[in-house]
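Structural characterization, general
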Amino acid sequence: MPTIKFLKENKEVIAADGANLREKAKQNGIDIYRLRGKLINCGGYGQCGTCLVEIVEGMDNLSPKTDFELRKLKKKPDNYRLACQTLVNGEISVNTKP
């Protein structure tokens, strides 16, 4: 079972292989949205791009970027992901609200 380390929150969460990063954060009381995202988030359908996170460690333990992520994150660093589009398959460390 992979562990997701939320660095800013100083919290570790155990997840099943293939768990959705946004859902695991939400289930464990970790707020991944800034103000704008709180007002207009799409509920995890990959349409708004407001659930942006920075993967500090473990990029190779995540699902490949979706087409939407590739378009939406074109001008962002390579280690940024949309939590709603990211499946966790191993140990990772995450910074929320980069």
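Just above sits the structure.
These lines cover the structure that appears in this document, whether it is placed above or below. Keep in mind that this is a model prediction, so the values were computed, not measured.

For the rest of this paragraph, the subject is the pattern of salt bridges. On inspection of all chains with the given rule, the structure shows 4 salt bridges. For arginine 22, the salt bridge identified is with glutamate 23, shortest N-O distance 2.8 Å. One salt bridge in this structure joins glutamate 69 and arginine 81, with 2.8 Å as the shortest N-O distance. Residue glutamate 69 is located in helix 3 (residues 67-72), and its partner arginine 81 is located in strand 5 (residues 80-82); the two are separated by 12 residues in the primary sequence. Judged by relative accessible area, which is 0%, glutamate 69 ranks as buried. Residue arginine 81 is classed as buried on the basis of its relative accessible area of 2%. Beyond isolated ion pairs, a larger network of salt bridges with shared partners links Asp31, Lys38 and Lys97.

In this structure, asparagine 10 takes a positive phi of about 55 degrees despite not being glycine. If you trace the backbone, asparagine 10 turns up in the loop between strand 1 (3-6) and strand 2 (11-14). One non-glycine residue with positive phi stands out, namely lysine 97, at about 50 degrees. Within the secondary structure layout, lysine 97 lies in the segment after strand 7 (92-96).

What counts and how
- Residues numbered from 1 in each chain as written.
- Predicted model: local features only at pLDDT ≥ 70, side-chain atom pairs only at ≥ 80, totals over all residues.
- Heavy atoms only, no water.
- Salt bridge = Lys/Arg side-chain N within 4 Å of Asp/Glu carboxyl O.
- Helix = DSSP H or I, 4+ residues; strand = E, 2+ residues; numbered from the N terminus.
- Buried < 20%, exposed > 50% of the residue type's maximum accessible area, 1.4 Å probe, protein only.

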